[in-house]
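# Architecture and fold: a report
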Amino acid sequence: VADSAAGCVFVFDNAGRSMSAIGREFLRRPCGLAFDAKGGRLFVADAGAHQVVIFSSDGRLIDRIGSRGIELGQVNYPTNVALDSQGRLYVSDSLNFRVQQFSPQLAPLRAIGRKGDMPGYFSQPKGVAVDSQDHLFAVDANFESIQIFDADGKLLLSFGQEGRGPGEFWLPAGLFIDSHNRIWIADAYNRRVQVFDYLPEATP
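Throughout what follows, the structure given in this document is the object of discussion. None of these values were measured; they are calculated from a predicted model.

What follows deals with the packing of aromatic side chains. Within the structure shown, the criterion is met by five aromatic pairs. Ring plane angle 50° and centroid distance 6.1 Å describe the contact between phenylalanine 26 and phenylalanine 55, whose orientation is recorded as tilted. Separated by 29 residues along the polypeptide, phenylalanine 26 in the loop between strand S3 (18–22) and strand S4 (30–36) and phenylalanine 55 in strand S6 (residues 51–56) bring together distant segments of the chain. Measuring from centroid to centroid gives 5.5 Å for tryptophan 170 and tyrosine 189, while their planes differ by 65°, and the two rings are edge-to-face. Within this pair, whereas tryptophan 170 is found in the loop between strand S17 (168–169) and strand S18 (172–177), its partner tyrosine 189 is found in the loop between strand S19 (182–187) and strand S20 (192–197), the two being separated by 19 residues in sequence. Accessibility expressed as a relative area gives 30% for tryptophan 170, which makes it partly exposed.

Of the pockets and cavities examined, the largest pocket occupies roughly 430 Å³. What lines the largest pocket is a set of 23 residues, among which Ala82, Val128, Ala129, Val130 and Phe176 lie closest to the centre. Listing elements by their share of the lining of the largest pocket, those giving two or more residues are S4, strand S8 (78–83), strand S12 (125–130) and S18. For the lining of the largest pocket, a count of residues per class yields twelve nonpolar, seven polar and four charged.

Take the environment of arginine 28 next. Structurally, arginine 28 can be placed in the loop between S3 and S4. In this structure arginine 28 touches Ser4, Gly7, Asp46, Gly48 and Ala49, once residues within four positions along its chain are discounted.

Tracing the backbone shows serine 56 in strand S6. A relative accessible area of 5% means that serine 56 is categorised as buried. Apart from the residues within four sequence positions on either side, serine 56 is in contact with Gly40 and Ile62.

Across the sheet, four strands lie side by side as S4-S5-S6-S7; this open sheet has antiparallel pairing. Strands at the two margins of the open sheet, each flanked by one partner only, are S4 and strand S7 (61–65). Taken over all neighbouring pairs, the strand axes of this sheet differ in orientation by 20° on average, direction set aside. With five bridges joining them, S4 and strand S5 (residues 41–46) adopt antiparallel strand pairing. Within the sheet, the bridge partner assigned to alanine 34 lies in S5 and is phenylalanine 43.

So, about the sheet that holds strand S14 (residues 145–149). Read from one edge of the open sheet, four strands run S12-S13-S14-S15, paired in antiparallel fashion. Taken across any chain shown, the strands that pair with only one partner, and hence form the sheet edges, are S12 and strand S15 (155–159). Pairs of neighbouring strands in the sheet enclose a mean axial angle of 20°, with direction left out of account. Alignment of strand S13 (residues 136–140) against S14, held across five bridges, turns out to be antiparallel. When the bridges of S14 are listed, valine 139 appears paired with isoleucine 146.

Next up on the list: the pairing of S14. Counting buried positions along S14 yields five of five residues, so the element is predominantly enclosed. Residues Ser145, Gln147 and Phe149 of S14 are buried on one face, and the alternating residues Ile146 and Ile148, pointing to the opposite face, are buried as well. Judged from the four bridges that link them, S14 and S15 form a sheet pairing that is antiparallel. Within S15, the position partnered with isoleucine 146 by the bridge is phenylalanine 159. Here S14 hands over to S15 after five residues, with glycine 153 in that stretch at a positive phi of 90°.

Between side chains of opposite charge, a pair can form when the charged atoms approach closely. Evaluation of the coordinates by the stated rule reveals eight salt bridges. Residue arginine 182 pairs with aspartate 178 through a salt bridge whose shortest N-O separation is 2.8 Å. Arginine 182 gets classed as partly exposed once you look at its relative accessible area, which sits at 31%. Each of Asp84, Arg88 and Asp134 takes part in one network of salt bridges that share partners.

Parameters and conventions
Residues numbered from 1 in each chain as written. Predicted model: local features only at pLDDT ≥ 70, side-chain atom pairs only at ≥ 80, totals over all residues. Heavy atoms only, no water. Phe/Tyr/Trp six-rings, centres within 6.5 Å; stacked < 30°, edge-to-face > 60°. Helix = DSSP H or I, 4+ residues; strand = E, 2+ residues; numbered from the N terminus. Buried < 20%, exposed > 50% of the residue type's maximum accessible area, 1.4 Å probe, protein only. 1 Å grid on protein atoms, 1.4 Å probe; cavity = no way out; pocket = protein on both sides within 12 Å on 5 of 7 lines; lining within 4 Å. Points joined across faces, edges and corners; volume = space filled by probe spheres on them. Nonpolar A, V, L, I, M, F, W, Y, C, P; charged D, E, K, R; others polar. Contact = heavy atoms within 4.5 Å. Pairing = 2+ DSSP bridges. Axes fitted to C-alpha atoms, helices over the stretch in contact; angles between N-to-C directions. Salt bridge = Lys/Arg side-chain N within 4 Å of Asp/Glu carboxyl O.

As structure tokens, then:
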């Protein structure tokens, strides 16, 4: 659990018992987390440091990527991170109005989206997640929508609008995609979590 005010990541076991705290010496304002189970690495979006900070599973500092700026590889208040099946890292670069993609070796590859008010653009990107086909899902809190991109950054689909009904959002913040490709969206100001199924196109 990233605790922005405490400046660290708290670790709990499956029963909810507190085990440890990671990063007190290194983090300023931790936000989103992603864990690389194969490599045993924890990726932390640090909005205060304008970096993604990488730890080992036992809390040792491994690396930092990024610095404040607008160039590819630089970030401005990153809020969330996600990893795909190829080990590529996605960073919600919130105040640069984009999502950045990094290679498995953490080299910057591309910026997905930019500031604007049409599908494929962003106003306030926050939560990011990747499904089993390496589609990128990104929440935009201001647009009250979720946009879906392929791994090359091409927009595939956008859904959602402001409101309180099913499929409508009010300042959505984060999302998670489970092993069944169900999409769990934290609909913050509606005080709920909405769950969606991504259904493949029916065959004739």
